[in-house]
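# Inside the fold
One letter stands for each residue in the lines below.
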Amino acid sequence: MTSLPVAVLHNTDYDAELTAAVDVSAVLVAAEAVAAGLRHAGFSPRLVGVQGADLFEVVQALQGAGAAIVFNLCESLAGDARNEVAMTAVLDLFGQRYTGSDALALGSCLHKDRCKAILRGHGVATPPGACLATEGDLALVEDYSRPWFLKLAHEDASVGIDTSNVVHTAAALRARVLALWDGYRQPVIAEHFIAGREVNVTILGAGASARVLPLHEIDFSKMPAGRPNIVSYAAKWDESHEEYGGTTPVPLQGVSAATRDAIERTALAAYRALGLRDYGRVDLRLDDGQVPWVIDVNPNCDISPDAGVARAALAGGLDYPALLKHIVESAIARYEARPA
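Now for a quick tour of the structure.

With that out of the way, let us pick up the overall build of the protein. Looking only at helices and strands, the protein has 10 helices and 13 strands in total. Relative to the compact-globule value of 20 Å for 340 residues, the protein shows a C-alpha radius of gyration of 20 Å, a close match. Each principal axis of the C-alpha distribution contributes one length, and for the protein these read about 60 × 45 × 40 Å. For the protein, the proportion of its 340 residues judged to be buried stands at 50%. Long-range contacts, defined here as pairs at least 24 residues apart, represent 70% of the contacts in the protein between residues at least 6 apart. For the protein, the accessible surface area stands at approximately 14900 Å², while carbon and sulfur atoms represent 53% of it. If you average the places of the 28 positive and of the 41 negative side-chain charges in the protein, the two averages end up 5 Å apart.

As structure tokens, then:
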């Protein structure tokens, strides 16, 4: 299956003067790394950038590239991550094969309140919470006998998260929610804060064939004193920040076989409930009773050579080119298995 032409599709929002809070220029770096890895695996990759918002021009560019499949790295359009679903919808409309999750899965995960509702509907444990879109919604959070965690309803990559997102009082919740509304113009999810270990579960494949790669967790042992054990935006992306060294991913150790099995079963259930395909990551937290709770589901997550998917794949015996080859071949096999 090697030597096939593959179009590496990525967004180019970073070419414009945008006010987005995220440096999306990293998308180009990831796209170039994917192209290099695919070439090393024997494919014939070609970078295709999404210029502007004319999706039909993108389709024409893909058709001109003569690609057998698209490696979809398009994370946003016009600087808005919520537009990520539009690209896959258009690819489906024109019958273009592509890697990763479809519009329904992406849309479900990009609306975190919807994601949590789907998880609950499938019996997957996720922390109780509420979607706060208006000041009247603040009353939905009543019990402060335990802390609450706040996150934006339509963002990933820890955008909008800092230490003040863990709140213990109604006043703190109100202040932080108002700040997030003002800065990001979108609803905020408030959910019970699970203070235990945070586990990242990388999964390859789709449906019944999906499989879990070796588990990793966030090592918070070097987090500065007095800080909550969370992965803030600065901790994830700013290497000069004092929290950066306190959120190191490491192989999961020191858990029982029963807990490990519960983590894997819960993650697979979440992955399948949201309809993820080819690759993705499920983040969980363990409570005091070692029960895993899903806190986030990430379709089409960062596929860079130094990111978590590649790290877990290497631990599972797949180097970077082999990982990309597996993803492409998984997607092609999925399409070929469809009835005519």
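Moving on to unusual backbone geometry. Backbone geometry at Ser158 places phi at a positive 65°, although glycine is not the residue there. Secondary-structure assignment places Ser158 in the loop between β5 (148–152) and β6 (166–167).

Looking now at helix α8 (residues 257–273). The end-to-end C-alpha distance of α8, which contains 17 residues, comes to 24 Å, matching closely the 24 Å that a straight helix rising 1.5 Å per residue would cover. Within α8, burial applies to Thr259, Ala262, Ile263, Thr266, Ala267, Leu268, Ala270, Tyr271 and Ala273. Structurally, α8 contributes buried residues whose contacts are with α5 (112–121), β8 (198–206), β9 (211–212), β12 (277–286) and β13 (292–299). Where α8 ends, the next residue or the one after it, Gly275, has phi of about 75°, a positive value.

Taken together, the side chains of Glu75, Asp156, Asp302 and Asp306 make up a negatively charged region of the molecular surface. Mapped onto the fold, Glu75 is located in the loop between β3 (69–73) and α3 (84–93).

The next subject is the nonpolar core. Val34, Leu38, Phe71, Ile303 and Leu323 are the most contacted members of the largest nonpolar core, which totals 29 residues. Among the secondary structure elements, those contributing two or more residues to this core are β1 (5–11), α1 (26–40), β3, α9 (308–315) and α10 (320–336). The greatest single-element share of this core, amounting to 7 residues, is contributed by α10. Phe71 has contacts with Val6, Ala7, Val8, Leu9, Val34, Leu38, Thr99, Tyr279, Ile303, Leu324, Ile327 and Val328, leaving out every residue within four places of it along the chain.

In spatial order, the strands read β2-β1-β3; together these 3 strands make up an open sheet with parallel pairing. The strands lining the two open edges of the sheet, one partner per strand, are β2 (44–50) and β3. On average, each strand axis in the sheet is inclined to that of its neighbour by 25°, with strand direction left out of account. Relative to β3, β1 is paired through 5 bridges, and the arrangement is parallel. The partner of Leu9 across the bridge, within β3, is Asn72.

Another point: α1. In a regular helix each residue adds 1.5 Å, so 15 residues correspond to 21 Å; α1 covers 21 Å between its end C-alpha atoms and thus fits that length. All buried positions along α1 are accounted for by Val27, Ala30, Ala31, Ala33, Val34, Ala35, Gly37 and Leu38. Immediately downstream of α1, the backbone of Gly42 shows phi near 105°, a positive value.

This part is about the side chain of Ser304. Take Ser304: it is sitting in the loop between β13 and α9. In this structure the side chain of Ser304 is engaged in a polar contact, spanning 2.7 Å, whose partner is the side chain of Asp302. In contact with Ser304, not counting residues within four places along its chain, are Ala30, Ala310 and Tyr320.

Glancing now at the side chain of Gln186. By secondary structure assignment, the location of Gln186 is in the loop between α6 (170–184) and β7 (188–192). Of the polar contacts made by the side chain of Gln186, one reaches the backbone nitrogen of His154; its length is 2.7 Å. Not counting chain neighbours up to four residues away, the residues in contact with Gln186 comprise Leu152, Ala153, His154, Glu155 and Trp181.

What counts and what doesn't
- Residues numbered from 1 in each chain as written.
- Predicted model: local features only at pLDDT ≥ 70, side-chain atom pairs only at ≥ 80, totals over all residues.
- Heavy atoms only, no water.
- Helix = DSSP H or I, 4+ residues; strand = E, 2+ residues; numbered from the N terminus.
- Rg over C-alpha atoms; globule rule 2.2 N^0.38 Å.
- Buried < 20%, exposed > 50% of the residue type's maximum accessible area, 1.4 Å probe, protein only.
- Contact = heavy atoms within 4.5 Å.
- Areas by Shrake-Rupley, 256 points an atom, 1.4 Å probe, with all protein chains shown as cover.
- Lys, Arg positive; Asp, Glu negative; His and termini not counted.
- Charge placed at Lys NZ, Arg CZ, Asp CG, Glu CD.
- Expected span 1.5 Å × (residues − 1).
- Patch = residues over 30% accessible without salt bridge, like charges linked within 9 Å, V, L, I, M, F, W, Y side chains within 5 Å.
- Salt bridge = Lys/Arg side-chain N within 4 Å of Asp/Glu carboxyl O.
- Core = buried A, V, L, I, M, F, W, Y, C linked by side-chain atoms within 4.5 Å.
- Pairing = 2+ DSSP bridges.
- Axes fitted to C-alpha atoms, helices over the stretch in contact; angles between N-to-C directions.
- Polar contact = N/O pair within 3.5 Å; in protein donor to acceptor, adjacent residues only side chain to side chain.

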